[in-house]
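# Structural overview for review
Residues per chain are reported as follows:
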Amino acid sequence: MIALEKRPEPSQLWSWLTPPLAVVLTMIAGGLMFAALGKDPVEAIRTIFWDPIFGEFAFYYRGQLLVKAGPLILIAIGLSMGFRAGIWNIGAEGQYIIGAICGAAVGLAFYPWASFIVFPLMILAGALGGFLWAMIPGILRVKFNTNEILVSLLLVYVAEFILASMALGALKNPDGAGFPGSRNFRSYPSGYNEEIIAGSGMHWGVVAAFIAVIFAYVLFARHQMGFQIKLAGQAPRAARFAGVNPSRLILFCLGMSGALAGLAGMFEVTGPAGQVSIDFNVGYGFTAIIVAFLGRLNPIGILLAGLLLALTYIGGEAAQSSLGLPAAAIQAFQGMLLFFLLAVDVLTNFRVRFGKREVA
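As the structure is a computational prediction, the values presented were derived from the model and not from experiment.

Criteria and cut-off values
- For every chain, the first residue of the written sequence is number 1, and numbering continues from 1 along that sequence.
- The model is predicted, so local features are restricted to residues of pLDDT at least 70 and side-chain atom pairs to those at 80 or more, both for listing and for counting; the totals for chains, interfaces and linings are taken over all residues.
- Note: side-chain values were computed over all heavy atoms of the structure, leaving out hydrogens and water.
- A run of H or I in DSSP counts as a helix once it spans at least four residues, and a run of E counts as a strand once it spans at least two, with each numbered from the N terminus.
- C-alpha atoms define the radius of gyration, and 2.2 Å times the number of residues to the power 0.38 defines the globule rule.
- Per-residue accessibility, obtained with a 1.4 Å probe over protein chains only, is compared with the maximum for each type, and a residue is labelled buried under 20%, exposed over 50%, and partly exposed between these values.
- The contact criterion used throughout is that any non-hydrogen atoms of two residues lie within 4.5 Å.
- Working definition of accessibility: Shrake-Rupley area with a 1.4 Å probe, residue cover restricted to the visible protein chains.
- We score Asp and Glu as negative and Lys and Arg as positive, and we do not count His or the chain ends.
- Note on charges: their place is set at NZ of Lys, CZ of Arg, CG of Asp or CD of Glu.
- Within this document, salt bridges are pairs made up of a side-chain nitrogen of Lys or Arg and a carboxyl oxygen of Asp or Glu, the two lying within 4 Å of each other.
- Helix axes use the C-alpha atoms of the stretch in contact, all axes being lines fitted to C-alpha atoms, and the angles between their N-to-C directions lie in the range 0 to 180 degrees.
- Here the angle decides the label: under 35 degrees means roughly parallel, over 145 means roughly antiparallel, 65 to 115 means roughly perpendicular, and every other value means oblique.
- All amino acids are sorted into three groups, where Ala, Val, Leu, Ile, Met, Phe, Trp, Tyr, Cys and Pro are nonpolar, Asp, Glu, Lys and Arg are charged, and the leftover types, Gly among them, are polar.
- Given the number of residues in a helix, its expected span is that number minus one, multiplied by 1.5 Å.

The next subject is the overall build of the protein chain. A tally of regular secondary structure across the protein chain gives 14 helices and 2 strands. A globule of 360 residues ought to have a C-alpha radius of gyration of about 21 Å, and the protein chain, at 22 Å, matches this closely. Counting only residues that meet the buried cut, the protein chain has 49% of its 360 residues in that class. Considering only contacts in the protein chain between residues 6 or more positions apart, those separated by 24 or more positions represent 77%. On the protein chain, roughly 17600 Å² of surface is accessible, and the fraction owed to carbon and sulfur atoms is 68%. For the protein chain, the separation between the mean place of its 22 positive charges and that of its 17 negative charges on side chains is 14 Å.

Attention shifts here to the pattern of salt bridges. This model, assessed by the stated rule, comprises 7 salt bridges. Between Glu148 and Arg141 there is a salt bridge; the shortest N-O distance is 2.7 Å. With a relative accessible area of 22%, Arg141 lands in the partly exposed category. Its salt-bridge partner being Arg296, residue Asp345 comes within 2.8 Å of it at the nearest N-O pair. Here Asp345, found in helix α14 (residues 327-349), pairs with Arg296, found in the loop between α12 (284-294) and α13 (299-323); they are 49 residues apart in sequence, far enough to count as distant. Three or more residues are tied together by salt bridges with common partners; here these are Glu5, Arg351 and Arg353.

For the rest of this paragraph, the subject is the packing of helix α9 (residues 224-234) against helix α11 (residues 246-269). Each pair of packed helices can be summarised by the angle the axes make with each other and by the distance between the axes. Orientation of α9 relative to α11, taken along the N-to-C sense of each, is 105°, at an axis distance of 11 Å. Viewed along their axes, α9 and α11 adopt a mutual orientation that is roughly perpendicular. The residues of α11 that touch α9, namely those facing Met225, Gln228, Ile229 and Ala232, are Arg248, Leu249, Phe252 and Cys253. The residue inventory of the contact of α9 with α11, partitioned by class, reads 6 nonpolar, 1 polar and 1 charged.

Helix length check: helix α4 (residues 58-84), at 27 residues, gives a terminal C-alpha distance of 36 Å against a target of 39 Å (1.5 Å per residue), a fit within 8%. Burial analysis of α4 places 21 of its 27 residues in the buried class, the great majority of the element. Following α4 by one or two positions, Gly86 adopts a phi angle in the positive range, close to 80°.

Right, let's get into the side chain of Thr312. Tracing the sequence through the fold places Thr312 in helix α13. For Thr312, a relative accessible area of 4% gives the class buried. Filtering out sequence-adjacent residues up to four positions away, Thr312 remains in contact with Ile48, Phe49, Ile330, Phe333 and Gln334.

Rendered as structure tokens:
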């Protein structure tokens, strides 16, 4: 008989082993999937993980690595605050979209005014948009005890509808010959999130992601709110006895995650994406959940996990173009990472026991 026996204390060894082991298992399972699709699994794995860093076009891909990692890290840092406290914001994709719409709307409202004030106003609008969108599940949870998982997830589809409406209506480019989408921010210097160092991929969104990592590290390690977040997640009853206000904690965690997701959307729409379009969102809000758990909800771990997931984005696009792999296979490959992470993570709190079945 094989049984799972709960450990007296979570295993620190398995806690550290889980992420790299999940990556290895994902490579093995992904290789089998690629082989089933008629592709060389070794070449596919090499194209995804090796070529973007050490391949022929590594210089270009390294710049793209920061472009892809920036929003993932920024959103995952916000999600980690709630996840540590047992507050499950699954709707970061919607907050990302609304932040992008609000930031872009402010910038386009000032078009073509050339002033250094425009971009800071767009940053504030993006953060505020994501914050207010996250407050919907937050207030409903506090006032009516609704499930924030369902509410935040369903709001993603509402945000996608608003995005399509904006791209076809209020934010549509009046000089776009009838095509959907807003003006391109590349032609509007005051509202364009350009690279700080040309060719490096380092734009203001990446800078914000690094600042968020430092802020979260200090919050979790040195601030009273970080202690309350950790206590609420590990021992909710003890947190109440310690005077932690659960309503305030819920609103803080959801508000911070929404604001950071909104910032990620604003930096993305004014930089790499360049405009508000129907297909603007590419799933960063959902992929950031994988980043948060792969990084063990630790800011430094999230930084490394964000770079790893960004690598799968870049390598996946390269594999699609060079090997003909379908986009769905790359998405499934990324999903495997979360699956194996959660599966192996069971061994952090449980040990496997082998023995004979007892006769009644």
